[in-house]
There are 2 protein chains.
Amino acid sequence: MKGPTTIKEIAKRLNLAKSTVSRALHDHPSIGLRTRMQVQALAKELHYEPNQTAIFFQQKKTFTIGIVLPELSEAFFSAAISGIEDTANKHNYMVLLGQSHDDESREKKIVEIMKNHRVDGLLVSIAKNTADYSHFEMLKHYDIPVVFFDRIPNLTDIHYVACNMQSGTLQAVSLLLEQGHRVIGMINGPEKLIASQQRTSGYQQALQKRRLKFDASLIVSSDLTKEGTRAAMRQLLAHKRKVTAIVAFNDYVSQDAVQYALEQHLEINKDITFVSYANLPLSSYMAYPPFASVEQYPYQQGQKATEILLELLAAPGKTDTFHNITLDSRLVLAPGR
Amino acid sequence: MKGPTTIKEIAKRLNLAKSTVSRALHDHPSIGLRTRMQVQALAKELHYEPNQTAIFFQQKKTFTIGIVLPELSEAFFSAAISGIEDTANKHNYMVLLGQSHDDESREKKIVEIMKNHRVDGLLVSIAKNTADYSHFEMLKHYDIPVVFFDRIPNLTDIHYVACNMQSGTLQAVSLLLEQGHRVIGMINGPEKLIASQQRTSGYQQALQKRRLKFDASLIVSSDLTKEGTRAAMRQLLAHKRKVTAIVAFNDYVSQDAVQYALEQHLEINKDITFVSYANLPLSSYMAYPPFASVEQYPYQQGQKATEILLELLAAPGKTDTFHNITLDSRLVLAPGR
DNA sequence: CTGTTAGCGCATTCAT
DNA sequence: ATGAATGCGCTAACAG
């Protein structure tokens, strides 16, 4: 009972040097066919398996990537993580997980622990309120590359992959216009968010293409709480022009807005039509699914981010160029439309 | 440029032995206050941080637990993993992730890799078709404890936490009886599943309590595909007695069943009432949410399983007793009921 | 209270 | 083609 088989053990039994065994196991060219066979045979017989922790230690590499995100139970992130895990595994990397619960201090702590665990790299979607990025910048001193995805910090010299909401919004509004809607409201998110600005741009662009006038009062922002959304709805429904369609910031907002509309005795898809941004699963099971949704490709974002990170890990020290991929969001019609 | 600070470095600068420094850093009692201060001061100054990989290696412990489950994007599992991660983190453990995608060979591979990464323990919910458990049993030889949760293998000597569906079913059927329903159908899952048997028991028990006669033809099983469910519905609706309520195997089945009922021009909650088992999020957003749902506590299952595992890790070699916790499922009324 | 020594398992450099 | 020696960073057993 002396624990798992080690190289030393094999060496002893075969009267060889540890180094010889090590090389034989690695199919090193300078090892005699004869001994190599012997070694590998015995290794199999004794169920030899290299002690990864020793290798990690010695090689200063763990084949592990850390992933930090706000909340696993949000459908968007669980899809993203799925993409990450699949890609990482394909390249024989493991994935270490941590959720910030949208709390900056927790985020810092997790990053710290992951650094200590010597992850080779980090994939992160930052917490809602993270304003200080020092915990990420300090990683540079440790040569731990970071690729951000979806929720990216407002920094220039970073790697990231995100999804541009403008294209999807453009398509969404265009669709509504095609269908004859002329007074289209938008419940947007906080104005400082890049994603909000992109939505606004897309909206404007759609009008421009048709040479229609842009009415800024049709875009109201919500703090994304239920109350905020209801306030926004109140404002939109009170607009002097009759709003017949609404682009909601996301599926959650959409649901709250729909509820409000129902309370006002509006008939969905008749008096008023909703378009949203997909982040709820199973929209087919929803009471009033949005007429159409802007897809944000969480799985693909995770995939891409991982690929970039792996590339960074393969080509170390390439601190010069920053990878930033922006996927275009895309409008998807609800099933049966 | 000589990499991160090490203990050796500190020792040299202070003319101390490495061991002294190590002890000082750990607040070992037998170290002079004086030197301890010195050491800790210099450590801070040089930004000393222990190299965890070295420690892992040396201590044969990684403070990492592996978690293997079928599919992250299933709401049930993402909730469970949330509970796992939270609990693990609280105890300074990290979590290594792997999804089997319900594929046995992938499951085996993941377990293998995790073993190589020297995780301290494993938390697993097995793949749908896993029939051979050798990859789990071999872990015993490596002293890697495993705690199963939710989807547990049909083995005796294992640790697990699962949720007993009987209690919830009992409550569900009782509720329906209280409300005057007398002909209650049940769409059950494959009969060999423990969970299916538990549902049947709960159903029968509810009738017994009220001294009502059990009619086996009111329980039909579905293979859980949409078609299977529709067939089951067809059968139930054709029953000689008029079925006024149905207990569906889960939310997915429930949705398919509701759809079928609608096609037959039945009015939900009037002509026919549905009760289900919660595994969809946001049931409040569903078109026809079940009247009531049996809660399976994914977060708590994850939490409990983790606690057991941590306990196992704390008390090594306790291979005698097997922990198996069974939570009771519980009926929860739909919001607004 | 502190120093010395050894060793965890492996890859690797330098000999031979 | 093989062996011997070294070190990665840390802890711990054993001296003093």
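Going by an unreviewed UniProt entry, chain A carries the name Substrate-binding domain-containing protein and comes from Chitinophaga oryziterrae.

Trainee: Report on the overall build of chain A, specifying residues and quantitative values.
Mentor: Scanning chain A from N- to C-terminus turns up 12 helices and 12 strands. Against the globule reference of 20 Å for 337 residues, chain A gives a C-alpha radius of gyration of 27 Å, more extended than a compact globule. With the principal axes as the frame, chain A shows a C-alpha extent of 90 × 40 × 35 Å. Per-residue burial for chain A yields a buried fraction of 52% across its 337 residues. Pairs at least 24 residues apart make up 70% of the contacts formed inside chain A by residues separated by at least 6 positions. On chain A, roughly 16,100 Å² of surface is accessible, and the fraction owed to carbon and sulfur atoms is 51%.

Trainee: I'd like to hear about the sheet that holds strand S8 (residues 245-248) of chain B, residue by residue, with values.
Mentor: Residue and element names in this part refer to chain B. Taken in spatial order, the six strands of this open sheet run S7-S6-S8-S9-S10-S12, and their pairing is mixed. Lying at the two open borders of the sheet, with one neighbouring strand each, are strand S7 (219-221) and strand S12 (330-333). Averaged over all adjacent pairs, the angle separating strand axes in this sheet is 20 degrees, with direction ignored. With three bridges joining them, strand S6 (residues 184-188) and S7 adopt parallel strand pairing. When the sheet's bridge partners are listed, Met 186 is paired in S7 with Ile 219. Its contacts with the sheet place helix H10 (residues 226-237) against S6, S7, S8 and strand S9 (273-277), and it is angled at close to 160 degrees to S6. Its contacts with the sheet put helix H11 (residues 251-263) on S6, S8, S9 and strand S10 (292-295), and the angle it makes with S9 is roughly 160 degrees.

Trainee: Residues and numbers for the packing of aromatic side chains, please.
Mentor: Summed over all chains, the structure comprises nine aromatic pairs over all chains. Measuring from ring centre to ring centre gives 5.3 Å for Phe63(B) and Tyr93(B), while their planes differ by 55 degrees; the resulting arrangement is tilted. A residue pair is termed long-range when its members are at least 10 positions apart, and Phe63(B) in the loop between helix H4 (52-59) and strand S1 (64-69) and Tyr93(B) in the loop between helix H5 (75-90) and strand S2 (94-99) qualify at 30 residues. Lys61(A) extends its terminal NZ or CZ atom over the ring of Phe63(A), reaching a point 4.3 Å from the ring centre. Between the NZ or CZ atom of Arg199(B) and the centre of the ring of Tyr277(B), over which it lies, the distance is 3.9 Å.

Trainee: Give me the protein's contact with DNA strand C: which residues, what numbers.
Mentor: Near DNA strand C you find 29 residues, and of these Ile7(A), Tyr48(A), Gln58(A), Thr20(B) and Arg23(B) are the closest. Near the protein, within 4 Å, the atoms of DNA strand C are sugar or phosphate in 57% of cases. Between a phosphate oxygen of DNA strand C and a main-chain N or O atom of Asn51(A), the distance comes to 3.1 Å. Between Arg23(B) and DNA strand C, the recorded distance is 2.6 Å, taken from a side-chain N or O atom to a base oxygen. Those elements that provide at least two residues to the surface near DNA strand C are helix H1 (7-14), helix H2 (18-25) and helix H4 (52-59) of chain A together with helix H2 (18-25) and H4 of chain B. Here the surface near DNA strand C is composed, by residue class, of nine nonpolar, 14 polar and six charged.

Trainee: Lay out the interface of chain B and chain A in plain terms, naming residues and giving numbers.
Mentor: Interface size is commonly expressed as the accessible surface area that is lost when the partners come together. Across the contact, 46 residues belong to chain B and 47 residues belong to chain A. Between chain B and chain A, the buried area comes to about 4,100 Å², and carbon and sulfur atoms account for 57% of it. Counting every contact that joins chain B to chain A gives three salt bridges. Between Glu49(A) and Lys115(B) there is a salt bridge whose closest N-O contact spans 2.5 Å. Going through the elements one at a time, H4, H5, S2, helix H6 (104-116) and H11 of chain B are the ones with two or more residues in the side of chain B that touches chain A. Summarising the sheet, strand S2 (residues 94-99) of chain A and S2(B) pair through three bridges and their orientation is antiparallel. Within S2(B), the position partnered with Leu97(A) by the bridge is Val95(B).

Trainee: I'd like a rundown of the protein's contact with DNA strand D, residues and numbers included.
Mentor: In the vicinity of DNA strand D lie 28 residues, with Thr20(A), Ile7(B), Lys18(B), Tyr48(B) and Gln58(B) positioned nearest. Sugar and phosphate atoms form 58% of the subset of DNA strand D atoms that lie within 4 Å of the protein. In the model, a sugar or linking oxygen of DNA strand D is placed 3.4 Å from a nitrogen or oxygen of the Lys60(A) side chain. A distance of 2.6 Å is found between a sugar or linking oxygen of DNA strand D and a side-chain nitrogen or oxygen belonging to Gln58(B). Within the surface near DNA strand D, the residues separate by chemical class into nine nonpolar, 14 polar and five charged.

Trainee: Describe the UniProt feature "domain: HTH lacI-type" (unreviewed entry) in chain A, and please don't skip the residues or the numbers.
Mentor: As annotated by UniProt and renumbered to match this structure, "domain: HTH lacI-type" (unreviewed entry) occupies residues 5-59 of chain A. Its end C-alpha atoms 20 Å apart, residues 5-59 of chain A is made of 67% helix and 0% strand.

Rules used throughout
Numbering of residues begins from 1 in every chain and follows the order in which that chain's sequence is written. Key to labels: chains lettered from A, ligands numbered from 1, both in the order written. Thresholds applied to this predicted model are a pLDDT of at least 70 for local features of residues and 80 or more for the giving and counting of side-chain atom pairs; totals over whole chains, interfaces and linings are not thresholded and use all residues. Calculated side-chain values reflect all of the structure's heavy atoms, with hydrogen atoms and water omitted. In this description a helix means any DSSP run of H or I spanning at least four residues, a strand means any run of E spanning at least two, and both kinds are numbered starting from the N terminus. Radius of gyration means the value over C-alpha atoms here, while the globule rule gives 2.2 Å times the residue count to the 0.38 power. Buried residues are those whose accessible area, probed at 1.4 Å on protein chains only, stays under 20% of the maximum for their type, while exposed residues exceed 50% and partly exposed ones sit between those limits. Every residue pair with non-hydrogen atoms within 4.5 Å of one another is taken to be in contact. In short, Shrake-Rupley with a 1.4 Å probe defines the accessible areas, and a residue's cover is counted only from the protein chains shown. The pairing criterion for strands is at least two bridges between them, as found by DSSP. Throughout, an axis means a line fitted to C-alpha atoms (over the contacting stretch in the case of helices), and angles, computed between N-to-C directions, take values from 0 to 180 degrees. Each Phe, Tyr or Trp ring (for Trp, its six-membered ring) is paired with any other whose centre lies within 6.5 Å, and the angle between the two planes then decides the class: stacked below 30 degrees, edge-to-face above 60, tilted in between. In our convention, an over-ring charge means Lys NZ or Arg CZ found within 6 Å of a ring centre and within 35 degrees of that ring's normal. Only heavy atoms are used to decide nearness, and a residue is near a molecule or strand if one of them lies within 4 Å of it. Pairs of N or O atoms are called polar contacts if they sit within 3.5 Å, as long as, within protein, a hydrogen donor faces a hydrogen acceptor (for residues adjacent in sequence, only side-chain-to-side-chain pairs). By the convention adopted, Pro, Cys, Tyr, Trp, Phe, Met, Ile, Leu, Val and Ala count as nonpolar, Lys, Arg, Asp and Glu as charged, and the other residues, Gly among them, as polar. What counts as buried area is the accessible surface, traced by a 1.4 Å probe, that two parts surrender upon association, with contributions from both included. Should a side-chain nitrogen of Lys or Arg be within 4 Å of a carboxyl oxygen of Asp or Glu, the pair is scored as a salt bridge. UniProt positions are given in the numbering used here, feature names are shortened, and annotations may be inferred rather than shown by experiment.

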